[in-house]
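# Structural overview
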Amino acid sequence: GETSPLAARASIAGQIEDAQARFNLRNLVNPDGQINERERDALRRLCNTLRVPDATADLVALRMQQALPAPPSGEPGAAPVVSEARPIPLVQPTDLRALPGIDGSAIGRLLPYVVVLNEATPVNVNTAAPEVIAARVAGMTLSDARALVAQRERVGYFRDVGDVRNNLRGSVTFTEQDLATSTRYFLVRGQVRLDRATTRMEALVRRGDNFQQPVRVMWQREL
């Protein structure tokens, strides 16, 4: 709202990225607190594609499991399970750099392809990179995923899951928990520059289930 000559020298820029174009590390742990082996296998495939050691997927899955609160026992009237102190949950992909036993250069290759959301989500096939799609669908090669992305670029976007299946090569199969054609989560980045001073920010936002519900800011930080 500033209208002074100072504001006239400022500039603002930004971008929005589909967070569900990435592999969601929250998928690694089931509601019962156990590691989801199917999701861990998908992360292993992503690691293999990016030339990251397989053990990285196991260490990340274990860290996600350790950080999540223990589920209640499920018995009527039972108090929640009280466990030992748990590590701080991962919030941003860069938090992976603090995990012991993981090579820093390997994490650098993995960071652009993963995200941490607050619920399990499918990958949006309309925005995901071939590396993520190939990891998400068991039996799909990177070449097949690239062909699918090329088809996506020709048609503009896939209308629904059935449209995706019609454009798949070979006999690979997937569920709606693996791939979707829409998203609820977005990474929003902005930059304000004034003379030599620059301020950058990033936020994760969640779109409501319908247009009447507001967009929620899950977290935000300065870069």
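Before reading further, recall that the structure is shown in the block above.
Okay, so let's go over this structure.

Thresholds, definitions, all that
- Residues numbered from 1 in each chain as written.
- Predicted model: local features only at pLDDT ≥ 70, side-chain atom pairs only at ≥ 80, totals over all residues.
- Heavy atoms only, no water.
- Phe/Tyr/Trp six-rings, centres within 6.5 Å; stacked < 30°, edge-to-face > 60°.
- Lys NZ or Arg CZ within 6 Å of the ring centre and 35° of its normal.
- Salt bridge = Lys/Arg side-chain N within 4 Å of Asp/Glu carboxyl O.
- Helix = DSSP H or I, 4+ residues; strand = E, 2+ residues; numbered from the N terminus.
- Buried < 20%, exposed > 50% of the residue type's maximum accessible area, 1.4 Å probe, protein only.
- Expected span 1.5 Å × (residues − 1).
- Arc of directions from axis to C-beta.
- Polar contact = N/O pair within 3.5 Å; in protein donor to acceptor, adjacent residues only side chain to side chain.
- Contact = heavy atoms within 4.5 Å.
- Axes fitted to C-alpha atoms, helices over the stretch in contact; angles between N-to-C directions.
- Parallel < 35°, antiparallel > 145°, perpendicular 65-115°, else oblique.
- Left-handed = near helix turned anticlockwise from the far one by under 90°.
- Nonpolar A, V, L, I, M, F, W, Y, C, P; charged D, E, K, R; others polar.
- Pairing = 2+ DSSP bridges.
- Core = buried A, V, L, I, M, F, W, Y, C linked by side-chain atoms within 4.5 Å.

## Points about the packing of aromatic side chains
Counting across every chain of the model gives zero aromatic pairs. The ring of F174 has R165 lying over it, and the distance from NZ or CZ to the ring centre is 4.6 Å.

## Structural notes on the pattern of salt bridges
Throughout the structure, instances matching the rule amount to 15 salt bridges. A salt bridge links R40 to D58, with the nearest nitrogen and oxygen atoms 3.9 Å apart. One end of the pair, R40, is in helix α2 (residues 37-49); the other, D58, is in helix α3 (residues 55-67), and 18 residues separate them in sequence. The exposure class assigned to R40 is buried, which follows from its relative accessible area of 18%.

## Considerations on α2
Counted at 1.5 Å a residue, the expected span for α2 with its 13 residues is 18 Å, and the 18 Å between its end C-alpha atoms agrees. Considered for burial, the residues of α2 that qualify are E39, R40, A42, L43, L46 and C47. Summarising the axial view, the buried residues of α2 lie within an arc of 155°, below the 170-degree limit, and thus occupy one face. The backbone nitrogen of R38 has a side-chain oxygen 3.0 Å away, supplied by the residue at the start of α2, namely N36. Positive phi appears at R51, one or two residues downstream of α2, with a value of about 60°.

## Here we look at α3
At 3.6 residues per turn, the α-helix brings residues three or four places apart onto the same side. Over its 13 residues, α3 runs 18 Å from end to end, which matches the ideal 18 Å to within 8%, given 1.5 Å per residue. Along α3, the residues that are buried comprise T56, A57, V60, A61, R63, M64 and A67. With its buried residues spanning 160° around the axis, α3 presents them on a single face. If you follow the buried residues of α3, they end up packed against α2 and α4 (104-110).

## Notes on the packing of α2 against α3
A packed helix pair is summarised by two numbers, namely the angle formed by the two axes and the spacing between the axes. Their axes nearest at 8 Å, the elements α2 and α3 cross at an angle of 140°. Overall, the two elements α2 and α3 adopt an arrangement that is oblique. Handedness of the crossing formed by α2 with α3: right-handed. In this structure, α2 uses R40, L43, R44 and C47 to contact α3, whose residues at the interface are T56, A57, D58, V60 and A61. When its residues are assigned to classes, the contact of α2 with α3 shows five nonpolar, one polar and three charged.

## Digging into the environment of N124
Looking at where N124 falls in the secondary structure, it is placed in strand β4 (residues 123-124). As for N124 and D18, which are separated by 106 residues in sequence, their C-alpha atoms are 8.2 Å apart. Leaving out residues up to four positions away in the same chain, N124 has contacts with D18, Q20, A21, A180, T181, S182 and T183. Side-chain polar atoms of N124 contact the side chain of D18, separated by 2.8 Å.

## Regarding the pairing of strand β6 (residues 185-194)
Direction of pairing for strand β1 (residues 10-18) relative to β6: antiparallel, over a ladder of nine bridges. Looking at the pairing, I12 lines up with V192 of β6.

## Regarding the side chain of E39
Note on placement: E39 falls in helix α2. At 2.8 Å, the side chain of E39 forms a polar contact with the side chain of R136.

## Structural notes on the side chain of N126
Following the sequence through the fold, N126 ends up in the loop between β4 and α5 (130-136). From its side chain, N126 meets the backbone oxygen of T181 in a polar contact 3.2 Å long.

## Points about the nonpolar core
L25, L28, L43, L46, V60 and L96 are the most contacted members of the largest nonpolar core, which totals 46 residues. Listing elements by their share of this core, those giving two or more residues are α2, α3, α4, α5, α6 (142-155) and α7 (161-166). Excluding residues that lie within four positions of it along the chain, L46 makes contacts with F23, L110, Y113, V114, E131, V132 and A135. Of all hydrophobic cores here, the second largest spans seven residues; its members include A19, V115, L204 and W219.

## Details of the environment of V172
Among the secondary structure elements, V172 is positioned in the loop between α7 and β5 (179-180). V172 sits 87 residues away from A85 along the chain, and the two C-alpha atoms are 42 Å apart. For V172, the contacting residues outside a window of four places in its chain are V137, A138, G139 and M140.

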